[in-house]
2 protein chains.
Amino acid sequence: MPGRILSNELNAHVDQTVTLCGWIHRSRNLGVLTFVILRDRQGMAQLVCNQSTVYNNESVIAATGQVVANPKAPGGFELQVAQLKLLSSPTAGDLPLTIHGDPASVGLNALLANRYLSLRYPAIREIFIVQAVVLKYFAQYMRNRGFVEIKSSKIIGSGTEGGTGLFTLDYFGEPAFLAQSPQFYKQAMVASGLERVFEIGAAYRAEKHDTPRHLNEYVSLDVEIGFIEGEEELMDLEIGILNAICRGLRQECSTILERRHIVLPTEQELHAIPRLSYQEALEIIERQVHSAALEINPEGERLLSQWAAEKHGIEALFVHSFPRKKRPFYTAFEGRRTRSFDCIFRGLEITTGGMRIHHYDTLLAALSKFNMQEKDVADYLTIFKYGCPPHGGFAIGLERLTQKLLNLTNIKEATLFPRDRNRLRP
Amino acid sequence: MPGRILSNELNAHVDQTVTLCGWIHRSRNLGVLTFVILRDRQGMAQLVCNQSTVYNNESVIAATGQVVANPKAPGGFELQVAQLKLLSSPTAGDLPLTIHGDPASVGLNALLANRYLSLRYPAIREIFIVQAVVLKYFAQYMRNRGFVEIKSSKIIGSGTEGGTGLFTLDYFGEPAFLAQSPQFYKQAMVASGLERVFEIGAAYRAEKHDTPRHLNEYVSLDVEIGFIEGEEELMDLEIGILNAICRGLRQECSTILERRHIVLPTEQELHAIPRLSYQEALEIIERQVHSAALEINPEGERLLSQWAAEKHGIEALFVHSFPRKKRPFYTAFEGRRTRSFDCIFRGLEITTGGMRIHHYDTLLAALSKFNMQEKDVADYLTIFKYGCPPHGGFAIGLERLTQKLLNLTNIKEATLFPRDRNRLRP
């Protein structure tokens, strides 16, 4: 739009004639004058219109006029409107949600059912501005360390990677599946000679849960790296990633973080994240609950995070040395313990990773231990027939990370259009 | 790996003891000595081993020794190996492909059937290094102009966006579909107040073609922007994107481009891309083929590109003002001509875009003209019930763009794991 400036640029245009474009957030009629709060992608600005009525809330307008200083206006400046142009008018009588109200007063189900409208709440929209910054700094950090971004297929011909459910689809009359992860592909790309790869892509779990921590479709931040010696290097790498993201958010989203009272971990705190064996983690849980712990369940993840906050000053920990039966067949191991780890952040597992078996014979033996057949993973096995370096990797759930960075109650709040047991739209 | 350096770093370590890790590309036995060409992610290096035999080709090794200058060695330096460690051995007797050979001598079908191995050819792997750089500069350019990256669901509950085929899947007993594009979601995000969004995500077409220009799963670089006045601004934006990508590639991939004899368009050339109406484009084709042209088919795209190269010095053009029946129902129009465009680059359509209808009533009328029902697109229609700015956007096919930037014959060469009519694996 010619002459358009944004709401946060008024101060640079005092006494000039400019145009603001955006949505009518709300308006207040004072007889011959109407005060309009206009909302655009940078925030809000006050318009003063010489007319007794203006358009409905959520109308899209272009307002041209002179910028004047007014200490009482939000931001200290307002636009004295000479010309008001309607670009688009809401046609629904009453909107199902009041965007100038407080989204906290609306239930999550109503927010998700009216997603195209609820994303207009600035407090909701900004979650996805934060998420975009997470994506930016994840990719930037990986690239700076020589990782190559890959894009692997999500439609796959056979699905035997792990124990979780698969969505099936009809591929020209043949059955196909949606990938749970790019696990096999990212390992193949390490072995192809790229050595270091990352992928930002969708992952699918056909599991019938409906919890505040699960999605049936989510974005996985996948990392895989060759020529490393052990899982300690992977945990170091994850700390580097988390630090880059937190630093990036402090830099680009400080206003959002302050408004939400979010304090992100410092570099020093991230480096203090404790690393416990699975057995040690169970013992800590047992000491808290005064009974035997057989696994690390969601309550256990919360207790462990609390313990880490008290003992190490950061509500996060790595758990390593999981028993083999708790991890996929391809996980590297020493005796009965795998060389794998989880990262639990603010009470929620955000990452699973580990070293992978890279010798063909070891992998064959692992298959039979897991009651799997060679033919189930025939393509995958070829990676190891051709010479494959020692390697490992991990995946961070984008929505879980966003949820925890912003202290959101439910993972669906961190997902534009969540897919769950009952939600296929919008 | 401790003390590891990369093959292109030998020159900085003369007379030092270092370790190189990688794959045995080939070896040459000279009696008491063996020369090994080691391949790592940065290239090749020569190893001199005091032994008459070494491991098979494609074995993964760590070689420790002293760096010495040798003008006859590739790069001018070599490693005098004191210790050679085998990290992983190929188990297959004869590999189906010879990685130190020329992939051009192998047919595309064999390359794709043996994808986990064929990606080891440096000339094939580097295609995906280029693709990663395309992704980087696309995202960077968008972010620098205030666009927010979004991630929308690919599983959708109803699929009525356009005329192309949809893959159907079983979503907990209900039918669902794989999205052809994030079209509705990106429009919703503009209307949510983000105003400017981009998405890098998978797109699905259940079309039974098997051509050098089609994939059933591909990566779409999607852009949508509000508060613009017309499609000219969209074409300007695309030129900016293409320029940022070409500049980035010249900066980061100059060796690859030179080795492949690729010359990318300059900024000046990109700004000279002609913009023709659909009618003008048909007339140019007709003058070449001396008969009536009823549409712009693949041969037409080639002829038009050739024409643009001759007349405007760049093998690319925009075609705008398509008739309404050739574009989706949501396309903005004036009379019988839509405000939409394609970008044809080096003989191939790489982009479709345009202004969108942003008035609810106009959209309702368009639905009936396209024999569609309100209930088919009920969620989508709500976007326009709540006040929506004028907006438009486009999508660039990542694989098509990569293909054309590198002058590849077939789009599958620009896809790690292509999905086509007959290809579901690896």
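Residues numbered from 1 in each chain as written. Chains lettered and ligands numbered in written order. Predicted model: local features only at pLDDT ≥ 70, side-chain atom pairs only at ≥ 80, totals over all residues. Heavy atoms only, no water.

Visitor: Could you clarify how one ought to interpret the interface of chain B and chain A in this entry?
Guide: By a widespread convention, an interface's size corresponds to the accessible area lost as its parts come together. Listed as interface residues are 96 residues of chain B and, on the opposing side, 96 residues of chain A. For chain B, the biggest contributors to the area lost against chain A are B:Tyr116, B:Phe172 and B:Tyr386; these three give 11% of the whole. Counting across the chain B and chain A interface gives 6 salt bridges. For A:Arg425, the salt bridge is made with B:Asp379, and the minimal N-O distance between the two is 2.5 Å. If you look at where chain B meets chain A, you find 41 residue pairs in polar contact (both at pLDDT 80 or more). Here the residues of the side of chain B that touches chain A sort into 54 nonpolar, 16 polar and 26 charged. (Contact = heavy atoms within 4.5 Å. Buried area = accessible area lost by both parts, 1.4 Å probe. Salt bridge = Lys/Arg side-chain N within 4 Å of Asp/Glu carboxyl O. Polar contact = N/O pair within 3.5 Å; in protein donor to acceptor, adjacent residues only side chain to side chain. Nonpolar A, V, L, I, M, F, W, Y, C, P; charged D, E, K, R; others polar.)

Visitor: I tried to follow the side chain of A:His25 on my own but got confused; where do I start?
Guide: You can see A:His25 is positioned in strand S2 (residues 17-30). By relative accessible area, A:His25 is classed as buried at 9%. (Helix = DSSP H or I, 4+ residues; strand = E, 2+ residues; numbered from the N terminus. Buried < 20%, exposed > 50% of the residue type's maximum accessible area, 1.4 Å probe, protein only.)

Visitor: So what exactly am I meant to see when it comes to the confidence of the model for chain A here?
Guide: Reading predicted coordinates in detail is not appropriate for stretches of low pLDDT. In the predicted model, chain A carries a mean pLDDT of 95, and 99% of its residues have values of at least 70. For this predicted complex, the interface confidence comes out at an ipTM of 0.97, alongside a pTM of 0.97. (pLDDT = per-residue confidence, 0-100.)

Visitor: What is the right way to look at the packing of helix H3 (residues 122-144) of chain B against helix H5 (residues 231-252) of chain B in this model?
Guide: When two helices pack together, their arrangement is given by the angle between the helix axes and the distance between those axes. All names here are of chain B. As a packed pair, H3 and H5 sit with axes 9 Å apart at the nearest point and diverge in direction by 135 degrees. In terms of their interaxial angle, H3 and H5 are classed as oblique. The two elements H3 and H5 cross, and the hand of that crossing is right-handed. Together, Val130, Val133, Val134, Lys136, Tyr137, Phe138, Tyr141 and Met142 of H3 and Leu237, Gly240, Ile241, Ala244, Ile245, Gly248, Leu249, Gln251 and Glu252 of H5 make up the contact between the two elements. Per-class residue counts for the contact of H3 with H5 are 12 nonpolar, 3 polar and 2 charged. (Axes fitted to C-alpha atoms, helices over the stretch in contact; angles between N-to-C directions. Parallel < 35°, antiparallel > 145°, perpendicular 65-115°, else oblique. Left-handed = near helix turned anticlockwise from the far one by under 90°.)

Visitor: What am I meant to see in the pairing of strand S17 (residues 340-345) of chain B here?
Guide: Side-chain direction in a regular strand flips from residue to residue, so the side chains alternate between the two faces of the sheet. Residues and elements named next belong to chain B. Where burial is concerned, most of S17 is hidden: 6 out of the 6 residues are buried. Here S17 shows no split at all, with Ser340, Asp342 and Ile344 on one side and Phe341, Cys343 and Phe345 on the other all buried. With 5 bridges joining them, strand S14 (residues 316-320) and S17 adopt antiparallel strand pairing. Paired with leucine 317 across the strands is isoleucine 344, a residue of S17. The loop that links S17 with its antiparallel partner strand S18 (residues 348-355) comprises 2 residues; one of these, arginine 346, has a positive phi angle of about 50 degrees. (Pairing = 2+ DSSP bridges.)

Visitor: So what exactly am I meant to see when it comes to the relation of the copies chain B and chain A here?
Guide: Each copy of the chain is related to the other by a rotation around an axis and a translation along that axis. Structural alignment of chain B on chain A gives an RMSD of 0.0 Å, achieved by rotating through 180 degrees and translating 0.0 Å along the axis. Such values leave the two copies arranged in the relation of a two-fold axis. Among all C-alpha atoms of chain B, that of B:Leu169 lies closest to the rotation axis, at 2.0 Å. Residue by residue, 100% of the interface of chain B is reproduced at the interface of chain A, so both copies engage with the same surface. (Least-squares fit on C-alpha atoms with pLDDT ≥ 70 in both.)

Visitor: Mind showing me how you'd approach the sheet that holds strand S19 (residues 391-397) of chain B here?
Guide: What links the strands of a sheet is backbone hydrogen bonding, and the strands pair in either a parallel or an antiparallel sense. Residues and elements named next belong to chain B. Across the sheet, which stays open at both edges, the 8 strands sit in the order S7-S11-S12-S19-S18-S17-S14-S13 with mixed pairing between neighbours. At either margin of the open sheet sits one strand with a lone partner, and together these are strand S7 (148-149) and strand S13 (275-277). With respect to the sheet, H5 is in contact with strand S12 (217-226), S13, S14, S17, S18 and S19, its orientation differing from that of S19 by roughly 35 degrees. The sheet contacts of helix H9 (residues 298-312) involve S13, S14, S17 and S18, and relative to S14 the element is tilted by about 120 degrees.

Visitor: What exactly am I supposed to notice about the sheet that holds strand S11 (residues 196-204) of chain A here?
Guide: All names here are of chain A. Spatially, the 8 strands line up as an open sheet ordered S7-S11-S12-S19-S18-S17-S14-S13, and their pairing is mixed. Two strands close off the open sheet at either side, each with one partner strand: strand S7 (148-149) and strand S13 (275-277). Taken together, the 3 bridges between S13 and strand S14 (residues 316-320) define a ladder with parallel strand orientation. Counted as the bridge partner of leucine 276 is valine 319 from S14. Relative to S11, helix H3 (residues 122-144) is tilted by about 150 degrees, and along the sheet it contacts S7, S11 and strand S12 (217-226).

Visitor: For this particular structure, what's the right way to read the pairing of strand S2 (residues 17-30) of chain B?
Guide: Residues and elements named next belong to chain B. Inspection of the sheet shows strand S1 (residues 4-5) paired to S2 by 2 bridges, in the parallel sense. Counterpart to isoleucine 5 in the pairing with S2 is leucine 20. With 7 bridges joining them, S2 and strand S5 (residues 60-69) adopt antiparallel strand pairing. Bridging across to S5, tryptophan 23 finds its partner in valine 60. Here 7 bridges tie S2 to strand S3 (residues 33-40), and the two strands are oriented antiparallel to one another. Across the sheet, the residue bridging to arginine 28 is phenylalanine 35, located in S3.

Visitor: Can you walk me through a positive patch on the surface in this structure?
Guide: Residue and element names in this part refer to chain A. On the surface, a cluster of positive charge is contributed by Lys325, Lys326, Arg336, Arg337 and Lys369. Looking at the secondary structure, you find lysine 325 in the loop between S14 and strand S15 (333-334). Judged by its relative accessible area of 74%, lysine 325 falls in the exposed class. (Patch = residues over 30% accessible without salt bridge, like charges linked within 9 Å, V, L, I, M, F, W, Y side chains within 5 Å. Areas by Shrake-Rupley, 256 points an atom, 1.4 Å probe, with all protein chains shown as cover. Lys, Arg positive; Asp, Glu negative; His and termini not counted. Charge placed at Lys NZ, Arg CZ, Asp CG, Glu CD.)

Visitor: Would you mind showing me how to read the pattern of salt bridges here?
Guide: When their charged atoms lie close together, side chains carrying opposite charge are able to pair. All names here are of chain A. Applying the stated criterion across every chain, the model contains 48 salt bridges over all chains. With a closest N to O distance of 2.8 Å, aspartate 420 and lysine 412 form a salt bridge. One network of salt bridges, with partners in common, ties together Lys186, Asp222, Glu224 and Arg356.

Visitor: What is the right way to look at the packing of aromatic side chains in this model?
Guide: For any pair of aromatic rings, geometry is given as the distance between the ring centres together with the angle between the planes. Enumeration according to the criterion identifies 32 aromatic pairs over all chains in this entry. With centroids separated by 4.9 Å and ring planes inclined at 70 degrees, the aromatic side chains of A:Tyr171 and A:Phe172 adopt a geometry described as edge-to-face. Since its relative accessible area comes to 1%, A:Tyr171 is described here as buried. Both rings, one in A:Phe227 and one in B:Trp23, keep their centres 5.6 Å apart while their planes meet at 85 degrees; by these two values the pair is edge-to-face. Linking A:Phe227 in the loop between S12 and helix H5 (231-252) with B:Trp23 in strand S2, this pair reaches from one chain into another. Taking relative accessible area as the criterion, A:Phe227 reaches 3% and is therefore assigned buried. Put simply, the rings of A:Phe184, A:Phe329, A:Tyr330, A:Tyr380 and A:Phe384 touch in pairs and so form one group of aromatic residues. (Phe/Tyr/Trp six-rings, centres within 6.5 Å; stacked < 30°, edge-to-face > 60°.)

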